[in-house]
Amino acid sequence: MNTLYYGDNLEILRKYIKEESVDLIYLDPPFNSQRAYNVIFPDKTGKFSTAQIHAFEDTWSWGTESQQAFDEIMKGTYSLELKDMMKAFRQFMDSNNLMAYLTMMAVRLVEMHRALKMTGSLYLHCDPTASHYLKVLLDQIFGIQNFRNEISWKRTSAHSDPNRYGANIDIILFYTKSDAWVWNQQYTEHGEEYLKRFKHRDHDGRLWNDYDLSAKGLSGGGYTYKYKGITSLWRVPLDTMKKLDTEGRLHFTNKGGIRIKRYLDDNKGVGLQSLWDDIPPVNSQAKERLGYPTQKPVALLERIVQASSNEGDVVMDPFCGCGTATVAAEKLGRKWIGIDVTYLAIQLIKKRVIQHFPDAKFEEIGEPKSLEDARALSEKSKFQFESWAVSLIGGQPFKSTGGGDTGIDGFLYFQDFEGNYHRIIIEVKGGGYQPKDVRSLAHVLQREESPMGILI
């Protein structure tokens, strides 16, 4: 069954994902760009400033976790080539943030390689900040011979960067597990100049252009025979010539020549190249915009899913964020696995899938199902615990970007009899609470001019 996993993708890959069980992996991990992102929720009242919630920090720093991962690589059953490469990386860049990023990615990419079927493919979406290091890493894990493409996606029309060229592309690294992979050729439409060549029209309205059937001057030779009074060196044998004539595919010129008709509607287009400049990003006006940081357009993921998987195949996104890969997979009849370490992402994906595909069936693993689960989540992350609690009543989680406790953990909205929207403040208290907590929430309602509050 389609599955959403809440938790660390390394743990989930090792615990739940079987060897050679996945057909396609797309991952869009944090880029090590040292930025903090926020999810933006529109305020229906129009009265309050936009609510923001800290989704994840796109930062990596060397610490206990990255050191343990590095030690695991050096002491574990990983390949000697990977160990030598990681050792060289460490000697070159020491224990800095980039080294932490590469180390944490290395152990996860090894697990993804294990999970892929022999006919499977992996697409790693990144930016130029560390794409060259990631390519070297993937060369070791997947094999240099299994590198297929470095795709450049034009993610914005223009970008203003002082004293350098505008940085307006992302990199997508495409690898396969073997030399026999699933591939469905994708096409883009021809340009206007090409379309102008099809200037003839048949009685049924089909546009066509004619091309030479003579083999004169070709190094590969041809077939000499007489057809309908015309003798020449032809590109096709006599049987093929007769078949083309029967199908109405021959054009007899006024000068006594024979040419072949090629119809515009038979042409699938131009084989897709490694520069993708025809899929716009999710801008502020896009209908699919959720407000989630780094959200990718569905069309981008549909292209990848269509090219490298078939209906019924399993598509996995181990950094699934707002779930664009899962939506594309569901839309195109694939099975899917989504993994994310923030409950906010899991909540967004659930809503998104249910909204677009009401009949979709999926299970969620990692969400608290018992008191013990809830306690464990609270001990692991107070913020994730609050987000989970708020989601139980359909609320939107909130976390101040300015730091400190604002007394607001989430929002709900209701509509009065006159059609106006009002905001409900939600506050979550883990463990015991006292009358002063109710009074405190009342002060928050007064401060925020909200007519209603909920204390969980």
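Residues numbered from 1 in each chain as written. Predicted model: local features only at pLDDT ≥ 70, side-chain atom pairs only at ≥ 80, totals over all residues. Heavy atoms only, no water.

**Topic: the nonpolar core**
And then number 1: The biggest cluster of nonpolar side chains holds 51 residues, and the ones touching the most others in it are M86, L109, L122, L124 and L137.
And then number 2: Broken down by element, the residue count for this core peaks at twelve residues, all from helix 4 (residues 97-115).
And then number 3: Setting aside chain neighbours within four positions, we find M86 in contact with F70, I73, M99, L102, T103, A106 and L137.
And then number 4: Within the second largest apolar cluster, 42 residues are counted, among which are I151, V315, C320 and I349. (Core = buried A, V, L, I, M, F, W, Y, C linked by side-chain atoms within 4.5 Å. Buried < 20%, exposed > 50% of the residue type's maximum accessible area, 1.4 Å probe, protein only. Helix = DSSP H or I, 4+ residues; strand = E, 2+ residues; numbered from the N terminus. Contact = heavy atoms within 4.5 Å.)

**With respect to the packing of aromatic side chains**
And then number 1: Applying the stated rule across the entire model yields twelve aromatic pairs.
And then number 2: When the ring of W336 is compared with that of F362, the centres are 5.7 Å apart and the planes differ by 45°; the resulting orientation is tilted. In this pair, W336 sits in strand 18 (residues 335-340) while F362 sits in strand 19 (residues 362-365), placing the two residues 26 residues apart along the sequence.
And then number 3: The class of W336 is buried, set by a relative accessible area of 1%.
And then number 4: Consider the rings of F385 and W388, whose centres lie 5.8 Å apart with planes at 50°: the pair is tilted. With F385 and W388 both in helix 12 (residues 382-391) and three residues apart, the pair spans about one turn of that helix. (Phe/Tyr/Trp six-rings, centres within 6.5 Å; stacked < 30°, edge-to-face > 60°.)

**Description of the pattern of salt bridges**
And then number 1: Summed over all chains, the structure comprises 24 salt bridges.
And then number 2: Between K243 and E247 there is a salt bridge, with its nearest N and O atoms 2.6 Å apart.
And then number 3: Assessed through its relative accessible area of 42%, E247 is described here as partly exposed.
And then number 4: The residue E427 makes a salt bridge to K429 at a minimum N-O spacing of 3.6 Å. (Salt bridge = Lys/Arg side-chain N within 4 Å of Asp/Glu carboxyl O.)

Read these as geometric descriptors, not functional statements.
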